[in-house]
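Close look at the chain arrangement
Single-letter residue listing:
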Protein chains: 2
Amino acid sequence: MRDVAIIGVGLMKWGELWKKPLRDIFVEAALNAIDDANVDKLDSMYVGCMSGGLFVGQEHLGSMLADYLGQKNIPAARVESACASGGLAVKLGYLEVASGMSNIVLAGGVEKMTDVDGSGATAALATAADQEYEVYNGATFPGLYAMIARAHMDKYKTTREQLAKVAVKNHKNGVNNPYAQFQMNITVNDVVNSVMVADPLRILDCSPITDGAAALIMCDFETAKKISKKPLVKIIGIGHATDTIALHSRKDLTTLNSTVKAAEQAYKMADVKPKDINVAEVHDCFTIAEIVVSEDLGFFEKGEGGCAVSDGRTEIEGEIPINPSGGLKSKGHPVGATGVAQVAEIVKQLRGEADKRQVKNARIGLTQNMGGSGGSSMIHILKGEL
Amino acid sequence: MRDVAIIGVGLMKWGELWKKPLRDIFVEAALNAIDDANVDKLDSMYVGCMSGGLFVGQEHLGSMLADYLGQKNIPAARVESACASGGLAVKLGYLEVASGMSNIVLAGGVEKMTDVDGSGATAALATAADQEYEVYNGATFPGLYAMIARAHMDKYKTTREQLAKVAVKNHKNGVNNPYAQFQMNITVNDVVNSVMVADPLRILDCSPITDGAAALIMCDFETAKKISKKPLVKIIGIGHATDTIALHSRKDLTTLNSTVKAAEQAYKMADVKPKDINVAEVHDCFTIAEIVVSEDLGFFEKGEGGCAVSDGRTEIEGEIPINPSGGLKSKGHPVGATGVAQVAEIVKQLRGEADKRQVKNARIGLTQNMGGSGGSSMIHILKGEL
């Protein structure tokens, strides 16, 4: 397989974008990536989107978005793994280039979620859980992650305040991210007194509903050296694994098997260990998720994730900075775009372009993007050639 | 890239399967493919499905179906390109093996469409057209293909009876396909007197709404030689292209650009010409589609597709047999599964296992799978090593 570089990243301001149709949101991010990469013609495109059908009544996004991007006739496809759809698009972009099928590939993601009413969005998201056994019985994602939180608190004495600290840290980071949906600081007090959603998770433990898109331009490393004017970033590890879609089929709610398995693959392929990672973007759809994932990635011993965040070990100045972008919590969570935006943040970090969010001496970064309650996980490890 | 073989095919009886949930339909076809391939453990899986969200309220099929298939934890993803979702899964399975990322891969497709009411299914399918400019103004697929038919009849003098002949031929072939939804002969008289859907297309010009699944097992050619007990079939050409999603943006309604472009790629990669193809499965979602596609693939001169079918040139005994399986028209059209089942039929033809549908001396076969009104096309060329 050929070495694959990321030579362009494109984002746009996320939020409630009622005046912009899905195609415009995607094209804005994609054109930013194309400009950043210094290319004009794409060979192919993959777009992560969880549910164009349920959110905006539009499937067949590959065809539509290639056309509206001015790249008519290229091979273009939409891929889906619930909230890990963006990470999946990155993997497929990698495969397309690594295999030699294409040279210049766009891997993007998009979701427009705020134009449906509240229960509509939650119901659409719930299709990432087991419809016949979980959703039919009344479970939606806040409830499923609340069960994970309860189990972790019971087994490892993780505290309500430690959950809150995840949200406080990520909002603090997000203040410095101009693309974030919520650029505002919050306190532990704000979180623990915010409205209850599913005990113990309160509204400030939950990532928001968001409209947004993100895009990357990938190409083979030899071409990248010729055309890129930016420091090069290489994909050195990929992990992709699934788990039972339903929580009730798992032996232990306090660990996410798909993340553990995907991490094993990615570390092996990259030939690095957790301690070699300088910066990580992980899937904090709920505060408890970041704690569990930080353990399952091997950054901390099992059960220490709560203490790690309250001790400041995951701050930008800490030993393993997690979610310098603000994470899903502050940046927003347009589900199909999230995994792509995570990679975009790591590219910026490895290029030294992260401004006030910059992690010092970042050479190797990791992204972890997750579908459902961990039914699927995508992990990417990137190395900067600074 | 490594050479890729298809060593297993799995189908199941398609139809109105109200008693079987989507997961059971998929697992039935997948287990048949696994048995046929003489393997037990998969390395990864791709599933084509157009809209699990709109049809059955279930996204995240990669996770769920890998689990229910007894292949927990493998990388598994759902991919979508409207009615070409199955063909897309085949391409990605190919890439996964060719690149060396996986050795044994399942490429499958599934759709469960008949449990929603009639307008619900048509509305869900319409999300493959341009929601903001076509569907908003009242267009659904019968109407869009009717416009293509009118344009072709006007420009090339294609007749109402020639359209009917496509349906008659495909039903004649489908009588010999035990998996087909409608195993019955029809006459030209039946077609031209059937109920009007969108002038000039009548109900017997339209493929049906169907529940069904199909699966293939793919692996690298070296492994295939060791483990397969069947004649080997190699993928020698792949084409994938898009076009404007909306008909109104095209200069000419009588040709499908995505098929023309994808065919160019596939013929070039396979180093064959249209006249080298011995058997083809093409996307006859409506009778006019088979006529247009048979021209765009280069089997006939532009405008000759109507005469070709009425002259019997596309019969099983003809110079280029098209849709020996019965096509979408008789076999049914569970949209995510269709592109996979087309490849399954060609594998059977190249292995000499097609029974009463067998095309004599079939060595090279082609499949053409299409999304929307031609907004995307996937083409595969297969060669038997008999």
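Residues numbered from 1 in each chain as written. Chains lettered and ligands numbered in written order. Predicted model: local features only at pLDDT ≥ 70, side-chain atom pairs only at ≥ 80, totals over all residues. Heavy atoms only, no water.

Points about the confidence of the model for chain A
Looking at chain A, pLDDT values average 97 and 99% of them are 70 or higher. Two numbers describe this predicted complex: its pTM, 0.98, and its ipTM, 0.97. (pLDDT = per-residue confidence, 0-100.)

Points about the packing of aromatic side chains
Residue and element names in this part refer to chain B. With the rule as written, the count across this model stands at two aromatic pairs over all chains. Of note, Arg23 hangs over the ring of Tyr68, and the distance from its end group to the ring centre comes to 4.6 Å. The ring of Phe221 carries the charged tip of Lys234 above its face, separated from the ring centre by 4.4 Å. (Phe/Tyr/Trp six-rings, centres within 6.5 Å; stacked < 30°, edge-to-face > 60°. Lys NZ or Arg CZ within 6 Å of the ring centre and 35° of its normal.)

Comments concerning the relation of the copies chain B and chain A
For these two chain copies, the linking operation is a rotation about an axis paired with a shift along it. Superposition of chain B onto chain A requires a rotation of 180° combined with a translation of 0.0 Å along the rotation axis, giving an RMSD of 0.0 Å. Read as a symmetry element, the transformation amounts to a two-fold axis. Looking at the interface residues of chain B, 100% of them are also at the interface in chain A, so both copies use one shared face. (Least-squares fit on C-alpha atoms with pLDDT ≥ 70 in both. Contact = heavy atoms within 4.5 Å.)

Observations concerning the packing of helix H7 (residues 160-174) of chain A against helix H11 (residues 287-296) of chain A
Residue and element names in this part refer to chain A. Where H7 meets H11, the axes come as close as 8 Å, and the angle between the chain directions of the two elements is 95°. Judged by the inter-axis angle, H7 sits roughly perpendicular to H11. On H11, the residues touching Gln162, Leu163, Val166, Ala167, Lys169 and Asn170 of H7 are Thr287, Ile288, Glu290 and Ile291. (Axes fitted to C-alpha atoms, helices over the stretch in contact; angles between N-to-C directions. Helix = DSSP H or I, 4+ residues; strand = E, 2+ residues; numbered from the N terminus. Parallel < 35°, antiparallel > 145°, perpendicular 65-115°, else oblique.)

Re the interface of chain B and chain A
It is common to give the size of an interface as the accessible area lost on bringing the parts into contact. The partner chain A presents 59 residues to the 59 residues of chain B that form the contact. Carbon and sulfur atoms supply 53% of the area buried between chain B and chain A, which totals about 4,600 Å² over both sides. Taken together, chain B and chain A are joined by eight salt bridges. A salt bridge links Asp130(A) to Arg23(B), with the shortest nitrogen-to-oxygen separation between them at 2.9 Å. (Buried area = accessible area lost by both parts, 1.4 Å probe. Salt bridge = Lys/Arg side-chain N within 4 Å of Asp/Glu carboxyl O.)

Points about the pattern of salt bridges
The full count for this structure, using the stated rule, is 55 salt bridges over all chains. Among the ionic pairs, Glu96(A) bridges to Lys91(B), the shortest N-O distance being 3.4 Å. Taken together, the residues span two chains, with Glu96(A) in helix H4 (residues 85-98) and Lys91(B) in helix H4 (residues 85-98). Side by side, Glu96(A) and Lys91(B) carry an identical accessibility label, which is buried. Between Lys112(A) and Asp115(A) there is a salt bridge, with the nearest N and O atoms lying 3.3 Å from each other. For Lys112(A), a relative accessible area of 5% translates into the label buried. Classification of Asp115(A) as partly exposed rests on a relative accessible area of 45%. The network of salt bridges with common partners includes Asp36(A), Lys230(A), Arg351(A) and Glu353(A). (Buried < 20%, exposed > 50% of the residue type's maximum accessible area, 1.4 Å probe, protein only.)

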